[in-house]
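# Structural description and commentary
One-letter residues, chain by chain:
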Amino acid sequence: MSTSEDLLARPLRIGSRTLRNRMVMTAPFPADAPVLTTSDLLSGRRPAAGGPVVVVGGPETHLEPFIAAELLAGEGRRVWLLTERHAHGEDVEPRSLSGLLSRLSKLGVEFVSMTAVTAWSKGVVHTEQVFSGAAGEIPAGAVVTAIGRVANPVPAGDEGETYVIGDALAPRRITHAVLEGRRFGAMI
């Protein structure tokens, strides 16, 4: 059995990182200007002033797109919130979803579902309706992706030497991270 000192001497991995185009650190569509992420917003970066902001939720079904949209709309920006799904926030608990949709609606956020972004160029987000393929356009001064997160990989060779908990194992609910943290703490 390991001692407390042994456990504390081993690395602990927590957290996740932004998913961008299947791990490639670019937007998942062609863009002629920098595209921000929800992580960028939470670290204090903001889109340049001018024009509405399109928050691209892609296939993300949980809170990340709402977080980005509420932050920007709360600062007075006009926001369009897009999802490729048939409805926004399909995996959000229903009472929480109602509250989010109410707050965002009161802030003037425009909701667009079943819509994928195909490009952003010259201040226009080009879209495609996911079922019909119909093309569309939304004027945009900035674009923020909120398309999910991936686990922080454990460096090769460290698998047995590193404790991995929370979103570092796989992005999911906080309940899982709290349970894993408790289990780790109980071992100390």
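Preceding this section is the structure that the text describes.
Residues numbered from 1 in each chain as written. Predicted model: local features only at pLDDT ≥ 70, side-chain atom pairs only at ≥ 80, totals over all residues. Heavy atoms only, no water.

### What to know about the sheet that holds strand β6 (residues 110–112)
Overall, parallel pairing links the five strands, which are arranged β3-β10-β4-β5-β6 in an open sheet. In the strand order of this sheet, the two ends are held by β3 (36–37) and β6, each with one partner. Sheet topology note: the β3/strand β10 (residues 142–145) ladder contains two bridges and is parallel. In the sheet register, Thr 37 faces β10, and the bridge partner there is Thr 145. Taken strand by strand, helix α3 (residues 64–74) contacts β4 (53–56), β5 (79–82), β6 and β10, and its axis lies near 175° from that of β5. (Pairing = 2+ DSSP bridges. Helix = DSSP H or I, 4+ residues; strand = E, 2+ residues; numbered from the N terminus. Contact = heavy atoms within 4.5 Å. Axes fitted to C-alpha atoms, helices over the stretch in contact; angles between N-to-C directions.)

### Here we look at the sheet that holds strand β7 (residues 115–121)
In space, the three strands of this open sheet follow the order β7-β8-β9, with antiparallel pairing throughout. Two strands bound the open sheet, and with one partner strand each, they are β7 and β9 (135–139). Here the strands of the sheet are splayed against their neighbours by 30° on average, with no regard to which way each runs. Of the strand pairs in this sheet, β7 and strand β8 (residues 124–129) are connected by six bridges, and their pairing is antiparallel.

Fair warning: the whole summary comes from geometry, so function is off the table for now.
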